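Here is how the chains run, residue by residue.
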There are 2 protein chains.
Amino acid sequence: MTPADEHLRPEPGSIADLYSEPGFGVENLPYASFAPPGGNPQLGVRIGFRVLGVSAIVQSDGTASQSLLKAVDGHNLDGLLMAGRSTWDELRGLITKQLVSADATSTLESYDLHDVTLFMPFTVADYVDFYASEHHATNVGRIFRPDQLPLTSNWKHLPIGYHGRSGTIVVSGTEIPRPKGLRPEPEGFPSFGPTRKLDIEAEIGFVIGGSAPGGEVSLSDAQNFIFGSVLVNDWSARDIQAFEYVPLGPFLGKSFATSISPWVVPIAALASALVEPPPRDENLAAYLDDSRSPAFGLDIDLEVAIDDVIVSRPPFASMYWTPAQMLAHMTVNGASLRSGDFFASGTVSGPGKEQRGSLLELTWNGTDPLAMPTGEKMSFLEDGAYVVIGATAPGPLGTRIGFGEVSGRIMPPT
Amino acid sequence: MTPADEHLRPEPGSIADLYSEPGFGVENLPYASFAPPGGNPQLGVRIGFRVLGVSAIVQSDGTASQSLLKAVDGHNLDGLLMAGRSTWDELRGLITKQLVSADATSTLESYDLHDVTLFMPFTVADYVDFYASEHHATNVGRIFRPDQLPLTSNWKHLPIGYHGRSGTIVVSGTEIPRPKGLRPEPEGFPSFGPTRKLDIEAEIGFVIGGSAPGGEVSLSDAQNFIFGSVLVNDWSARDIQAFEYVPLGPFLGKSFATSISPWVVPIAALASALVEPPPRDENLAAYLDDSRSPAFGLDIDLEVAIDDVIVSRPPFASMYWTPAQMLAHMTVNGASLRSGDFFASGTVSGPGKEQRGSLLELTWNGTDPLAMPTGEKMSFLEDGAYVVIGATAPGPLGTRIGFGEVSGRIMPPT
């Protein structure tokens, strides 16, 4: 990641000058898979509320390598992810150059964000979900295992994670039917039916690219394989999860759907958001010890709204484990990476009550419902509930980097 | 699945007559991705110790549909999996007809099994591993949680499962470097290093195909989506697993590698192996209640050899949960399937001590090592250990259906 670039100031009349908006200036330049009205899906880049075809920008430049042209000519990010860090940097430099130059304004077509269709930005290979917030893990421990210490004894020695279902990761806006499953009952026999405890988990996800190394990715190498970042809502059926999860972990309580935001924020756009993670309470194994590595905490502010009411503002800066540690852990056993691998942080919860990233925590498993402005009490999600998670992070020169949002509406069970 | 077919008797001089061997007669016809000497990878079918190109067989027939020709022209099973049940049946009928007819002998080229190279038979979409053997789950509970009931209270209400890592599923013969990770130590602080408890898990896996339904697959519909079956060795690092697995399940203790056999046995070849599963001890939710469905237990006999010594003979017929129940469970929450999804049974262990499918159980976590004929004691796998898992099942008319084998050698840590 390069420090804030002083050449970012767009020329008057350039695309970046015409269309820049807070969060989506030329400092950001997130990518998506989009289709213009009546057109086919293609790789796009966003500036303000406009979307431009990446392939058209690259072609207009005239200096692009054949490999770069090929990497951006697909319908989504897959080709670019595969191409690796040097191509990512080349492309970002080229796009920036074009968008800040007044010359390109007349030749590049752009579309209004509201007129385009957005798709899953990349094909997910393996999906790993972590559990990296100390505040979240502590709250969950207190709720589910009140007779034990809230954090399991391994928690501060490694970033706990597990594999999720890649095939049910969906793009923002996809409707979420209420899942069915076996729910615990006081009498001891479970009952089958729609979940009564449908929940959200506000998370940040990271997309992997580059040629797959056969082995470990060190903390200092992580930035070469993390292409970018999205918002994640890891929908969770708490009753189904509670009945099924011992001893092999969550399965059907999570696998029905995971929503992600359509815009992938390049990790290079987050250079100004890098912060030190919280102090470590245990001596860490060398592969996780980041005391002498560049800081890889991220100062991302999340915001969770349900039916247009903001219910939480989770701070990613409070996460105990960093994305670099998650990636180093995932690969330390020799597990190979593939381009398109995706990992999420787990629920982001801060120390404050209004910083919790799940309804499980916000309502203390339904025992302390949220008072909504309508006068209703909310414990978990009802059919029709509309959830929007958004986020921003510091950009260079006092700017902000926007993540856009990940949204979803709960539908009745099918 | 159709009952045993009386037209299976090959004509004298036909390929099936010339090359039939026990386990790999015309009743079986498993598929693989293979390359003939000096040739490119393609879809193959096995008879005895000979391999034939499927595309060549289909082309030689002259009656094949364009969609069938297209489904078999790739380098592996992916196209065929996508094509669905009716194409699978059409292809199996066509291959059988060609191989039992003396006319085709002169026109079809076949290769010696020992001269071809075998590859991963299909691209794995999502991978789910179950825990479907009551004997295995009971043994593991006794070993890991001796102060509790051996089976968790949910075990007989649903087939417990979790997602594994698709990207590290490898074909038989791939060398397995000893993984590293955090291992528990008596002093309380974990240490980092190569696993000291490298283990096997002998399992059966099932490959999904067909157009992905959006919702639940019922017990009676399962056979329309299960294409076929392979042998699985779910390599496990027991110390890493023991330290990490609470509360979200196995992760690095499993994700370094999972080996599968190269030959996918069509589920249609297992019609004579269908048996009733063990009696159920709990009333099951309707979606899992197979008391009125066709039996989907499978009478598959496994055999585990380490360094050429048979250490176990696990019987798949003893599995509590059937593959149909696993698939129904996996999808009851609305989780969609994709062609290429793969699920495995979990360790197959029978009631007898010599029927246990893992060294964890065979040596009772190393406290009761196996006495090898060399005079050595074996608790877990040493570097250089060579593991081979094989299996056969009843075929029609007194024949056997062979699965071939899944093998792997342990290499020193990298």
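So, here is what we can say about the structure in this document. (Residues numbered from 1 in each chain as written. Chains lettered and ligands numbered in written order. Predicted model: local features only at pLDDT ≥ 70, side-chain atom pairs only at ≥ 80, totals over all residues. Heavy atoms only, no water.)

1. Structural notes on the interface of chain B and chain A
Facing 49 residues of chain B, the contacting portion of chain A comprises 49 residues. Here chain B meets chain A over a buried area of about 4,800 Å², counting both sides, of which 62% is carbon and sulfur. Inspection of the region where chain B meets chain A yields four salt bridges. Put simply, Asp341(A) and Arg165(B) hold a salt bridge, and the shortest N to O gap is 2.9 Å. Summed over the shared surface of chain B and chain A, the number is 22 residue pairs in polar contact (both at pLDDT 80 or more). Mapped by element, the contributors of at least two residues to the side of chain B that touches chain A are strand E6 (127-130), strand E7 (161-164), strand E10 (180-183), helix H7 (238-244), helix H8 (252-255) and helix H9 (323-331) of chain B. Across the side of chain B that touches chain A, the residue classes break down as 26 nonpolar, 14 polar and nine charged. (Contact = heavy atoms within 4.5 Å. Buried area = accessible area lost by both parts, 1.4 Å probe. Salt bridge = Lys/Arg side-chain N within 4 Å of Asp/Glu carboxyl O. Polar contact = N/O pair within 3.5 Å; in protein donor to acceptor, adjacent residues only side chain to side chain. Helix = DSSP H or I, 4+ residues; strand = E, 2+ residues; numbered from the N terminus. Nonpolar A, V, L, I, M, F, W, Y, C, P; charged D, E, K, R; others polar.)

2. What to know about the pattern of salt bridges
Under the criterion given, the structure shown has 38 salt bridges over all chains. Of the charged contacts, one joins Asp61(A) and Lys97(A) as a salt bridge, the two residues approaching to 3.1 Å between their closest N and O atoms. Of this pair, Asp61(A) sits in helix H2 (residues 54-61) while Lys97(A) is found in helix H5 (residues 85-100), placing the two residues 36 residues apart along the sequence. On the basis of relative accessible area, Lys97(A) is assigned to the partly exposed category, the value being 44%. With a closest N to O distance of 3.0 Å, Arg338(B) and Asp126(B) form a salt bridge. Taken together, the positions of Arg338(B) in the loop between H9 and strand E22 (342-344) and Asp126(B) in the loop between strand E5 (117-119) and E6 put the pair 212 residues apart, joining distant regions of the chain. A relative accessible area of 3% places Asp126(B) in the buried class. Because the salt bridges share partners, they merge into one network encompassing Asp199(A), Glu201(A), Asp234(A), Arg238(A) and Lys254(A). (Buried < 20%, exposed > 50% of the residue type's maximum accessible area, 1.4 Å probe, protein only.)

3. A look at helix H2 (residues 54-61) of chain B
Residues and elements named next belong to chain B. Those residues of H2 that fall on the buried side of the exposure criterion are Val 54, Ser 55, Ile 57, Val 58 and Asp 61. Along the long axis of H2, the arc covered by the buried residues comes to 160°, so they all point the same way. As for H2, its buried residues are in contact with strand E1 (31-35), strand E2 (42-47), strand E3 (50-53), helix H3 (66-71) and helix H5 (85-100). (Arc of directions from axis to C-beta.)

4. Thoughts on the packing of aromatic side chains
Any aromatic ring pair is given by two values, namely how distant the centres are and how the planes are angled relative to each other. Under the defined criterion, the tally for this structure stands at 28 aromatic pairs over all chains. Between Phe122(A) and Phe342(A), the aromatic rings sit 5.7 Å apart at their centres with planes inclined by 55°, giving tilted as the arrangement. You can see Phe122(A) sitting in the loop between strand E5 (117-119) and strand E6 (127-130) and its partner Phe342(A) sitting in strand E22 (residues 342-344), a full 220 residues away along the chain. Of the two residues, Phe122(A) and Phe342(A), both sit in the buried class. Both rings, one in Tyr287(A) and one in Phe192(B), keep their centres 5.0 Å apart while their planes meet at 45°; by these two values the pair is tilted. Taken as a pair, Tyr287(A) in the loop between strand E18 (274-275) and strand E19 (297-298) and Phe192(B) in strand E11 (residues 191-194) lie in two separate chains rather than in one. The partly exposed category is assigned to Phe192(B), whose relative accessible area is 34%. (Phe/Tyr/Trp six-rings, centres within 6.5 Å; stacked < 30°, edge-to-face > 60°.)

5. With respect to H2(A)
Where H2(A) is buried, its residues meet strand E1 (31-35), strand E2 (42-47), strand E3 (50-53), helix H3 (66-71) and H5 of chain A. Gly62(A) sits one or two residues past H2(A) and shows a positive phi near 85°.

6. Focus on the pairing of strand E14 (residues 226-233) of chain A
Residue and element names in this part refer to chain A. Counting buried positions along E14 gives eight out of eight residues, so the element sits mostly inside the fold. Across seven bridges, the pairing between strand E13 (residues 202-208) and E14 is antiparallel. Bridging from a neighbouring strand, Ala 202 pairs with Asn 233 of E14. As paired elements, E14 and strand E17 (residues 265-266) share two bridges and run antiparallel to each other. (Pairing = 2+ DSSP bridges.)

7. A closer look at the sheet that holds E5(A)
Residues and elements named next belong to chain A. Taken in spatial order, the five strands of this open sheet run E4-E3-E2-E1-E5, and their pairing is antiparallel. One side of each edge strand has no neighbouring strand; the edge strands of this open sheet are strand E4 (110-112) and E5. When strand polarity is set aside, the average angle formed by the axes of neighbouring strands in this sheet is 50°. Lying on the sheet, H2 is in contact with E1, E2 and E3; it crosses E3 at an angle near 60°. Docked against the sheet, H5 engages E1, E2 and E3, running at close to 65° with respect to E1. (Axes fitted to C-alpha atoms, helices over the stretch in contact; angles between N-to-C directions.)

8. Section: the sheet that holds E1(B)
Picture the strands of a sheet paired through backbone hydrogen bonds; they go either parallel or antiparallel. Residue and element names in this part refer to chain B. On the basis of which strands lie adjacent, the open sheet formed by five strands has the order E4-E3-E2-E1-E5 and antiparallel pairing. Lying at the two open borders of the sheet, with one neighbouring strand each, are strand E4 (110-112) and E5. Pairs of neighbouring strands in the sheet enclose a mean axial angle of 50°, with direction left out of account. Taken together, the three bridges between E1 and E5 define a ladder with antiparallel strand orientation. The partner of Ala 35 across the bridge, within E5, is Thr 117. Packing against the sheet, H5 makes contact with E1, E2 and E3, and its axis sits at approximately 65° to E1.

9. Here we look at unusual backbone geometry
In this model, Val246(A) is joined to Pro247(A) through a cis peptide bond whose omega is 5°. Considering the arrangement of structural elements, one finds Pro247(A) in the loop between helix H7 (238-244) and helix H8 (252-255). Phi angles above zero are rare outside glycine, and Asp307(B) is one such case at about 50°. On the secondary structure map, Asp307(B) appears in the loop between strand E20 (301-306) and strand E21 (309-312). We classify Asp307(B) as partly exposed; its relative accessible area is 38%. Positioned with a positive phi, Asp308(B) is a non-glycine residue whose angle comes to about 70°. The residue Asp308(B) is located in the loop between E20 and E21 in this model. We classify Asp308(B) as exposed; its relative accessible area is 72%.

10. Here we look at the relation of the copies chain B and chain A
Superposing chain B onto chain A requires a rotation of 180° together with a translation of 0.0 Å along the rotation axis, leaving an RMSD of 0.0 Å. Such a turn and shift between the copies fits a two-fold axis. Considering only C-alpha atoms, the part of chain B nearest the rotation axis is Gly249(B), at 2.1 Å. A high fraction, 100%, of the interface residues of chain B reappear at the interface in chain A, so the copies pair face to face through one surface. (Least-squares fit on C-alpha atoms with pLDDT ≥ 70 in both.)

11. Some remarks on the packing of H2(A) against H5(A)
Angle between the axes and distance between the axes: these two values describe a pair of packed helices. All names here are of chain A. In the contact formed by H2 and H5, the axes pass within 10 Å of each other and the chain directions differ by 80°. Classified by the interaxial angle, the pair formed by H2 and H5 is roughly perpendicular. From H2, Val 54, Ile 57, Val 58, Ser 60 and Asp 61 reach across to H5, where they touch Leu 91, Leu 94, Ile 95, Lys 97, Gln 98 and Leu 99. Counted by class, the contact of H2 with H5 contains seven nonpolar, two polar and two charged residues. (Parallel < 35°, antiparallel > 145°, perpendicular 65-115°, else oblique.)

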